[in-house]
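Secondary and tertiary structure notes
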Amino acid sequence: VETDVLAPESGQWLSFLADLTKKQAERLKTGFRSLDAASGGLLPGLVLLAGEDRSQVLDFLKQLVDQVALDCRGPCLYLSFERPKSALRLQTLSRLSGAASADIEKGAFGRDTAKWKDIVRAGEHAVEWLQRIYVVEARPGLSVTRIRELRQGLLDSGAGAPRLVALDNLDKLANQSDLLHSVAELKE
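As the structure is a computational prediction, the values presented were derived from the model and not from experiment.

The rules behind each value
- Residues numbered from 1 in each chain as written.
- Predicted model: local features only at pLDDT ≥ 70, side-chain atom pairs only at ≥ 80, totals over all residues.
- Heavy atoms only, no water.
- Core = buried A, V, L, I, M, F, W, Y, C linked by side-chain atoms within 4.5 Å.
- Buried < 20%, exposed > 50% of the residue type's maximum accessible area, 1.4 Å probe, protein only.
- Helix = DSSP H or I, 4+ residues; strand = E, 2+ residues; numbered from the N terminus.
- Contact = heavy atoms within 4.5 Å.
- Salt bridge = Lys/Arg side-chain N within 4 Å of Asp/Glu carboxyl O.
- Lys, Arg positive; Asp, Glu negative; His and termini not counted.
- Polar contact = N/O pair within 3.5 Å; in protein donor to acceptor, adjacent residues only side chain to side chain.
- 1 Å grid on protein atoms, 1.4 Å probe; cavity = no way out; pocket = protein on both sides within 12 Å on 5 of 7 lines; lining within 4 Å.
- Points joined across faces, edges and corners; volume = space filled by probe spheres on them.
- Nonpolar A, V, L, I, M, F, W, Y, C, P; charged D, E, K, R; others polar.
- Pairing = 2+ DSSP bridges.
- Axes fitted to C-alpha atoms, helices over the stretch in contact; angles between N-to-C directions.

Moving on, we come to the nonpolar core. Ranked by size, the top nonpolar core spans 17 residues in total, and within it L28, V65, V68, C76, Y78 and L164 carry the most contacts. The element contributing the most residues to this core is helix α3 (residues 54–72), with six residues. Apart from residues no more than four positions distant in its own chain, Y78 is found in contact with L58, L61, K62, V65, L88, Y134, V135, V136, A166 and D168. Ranked by size, the runner-up nonpolar core spans 11 residues in total, among them F81, L150, L154 and L173.

Attention now moves to the pattern of salt bridges. Counting across every chain of the model gives nine salt bridges. As a salt-bridge pair, R83 and D59 come within 2.7 Å of each other at their nearest N and O atoms. Pair noted here: R83 is in the loop between β1 (76–80) and α4 (85–97) and D59 is in helix α3, with a separation of 24 residues, a long-range link. We classify D59 as partly exposed; its relative accessible area is 30%. Through salt bridges with shared partners, one network takes in R54, E82 and K172.

As for its placement among the helices and strands, D168 is situated in the loop between β3 (164–167) and α8 (179–187). Here D168 is buried and forms no salt bridge, its nearest opposite-charge partner R54 lying at an N-O distance of 5.5 Å. Polar side-chain contacts of D168 include one of 2.7 Å to the backbone nitrogen of F81. A distance of 3.2 Å separates a polar atom in the side chain of D168 from the backbone nitrogen of E82.

Our next topic: the environment of V57. Tracing the backbone through its elements, the reader meets V57 in helix α3. For V57 and D168, which are 111 residues apart along the polypeptide, the C-alpha to C-alpha distance reads 8.9 Å. With residues up to four places along the chain from it excluded, the contact list for V57 reads L49, A50 and G51.

Space inside the second largest pocket adds up to approximately 280 Å³. Lining the second largest pocket are 13 residues; nearest its centre among them are K62, L88, R89, T92 and L130. Within the residue set of the lining of the second largest pocket, elements represented by two or more residues are α4, α6 (114–130) and β2 (133–137). In terms of residue count, the dominant contributor to the lining of the second largest pocket is α4 (six residues). By residue class, the composition of the lining of the second largest pocket is eight nonpolar, two polar and three charged.

On the basis of which strands lie adjacent, the open sheet formed by three strands has the order β2-β1-β3 and parallel pairing. Two strands in the sheet have a free side with no partner beyond their single neighbour: β2 and β3. Here the average twist between neighbouring strands, direction ignored, is 15°. When β1 meets β3, the two strands line up parallel, connected through four bridges. Within the sheet, the bridge partner assigned to C76 lies in β3 and is L164. Docked against the sheet, α3 engages β1, β2 and β3, running at close to 160° with respect to β1. In the packing of helix α7 (residues 144–157) onto the sheet, contacts are made with β1, β2 and β3, and the angle to β1 comes to roughly 150°.

The next thing to look at is the pairing of β1. Most of β1 is tucked away, with five of its five residues classed as buried. In the sheet, β1 pairs with β2 via five bridges, with the strands oriented parallel. Looking across to β2, one finds that L79 is bridged to V136.

Here's what the structure looks like:
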């Protein structure tokens, strides 16, 4: 392909605009104003989250999944090696209601109190977008092939193509001896 051919820009301008438009549609709004303003949302591809405080990273990842399901109105698949479904549910309910997870779990609020009714209302309000979140309690040794099968299962179920597939611990994939290979497979 010759790159030094003289041609007016107008010949490729419309395809350039079409490509830009396609990229805009592919971006996922995260629901985090500063992140969306800085990046325009998440682009398709592999995104790695890292931080010194593992618990904060896991909390952020769950909230990111929740926000993408809410804002992008598409299914999200969350593969959790680190936390059981019940802990993830409690975390979401705590965030939505403003009540501490520990207080909700230990029953610190009476069943007939206004606070408990607020917590229940917050949970009921979330049902609409929570139907787009699929959580799998993953076991160490999960293969990239199995992740692909789970993704395909969402497609086959009619839920649609996952807007986000989140994995909370790359080290626990089946091919942990070659983590770089596993990451490359996930990117595909």
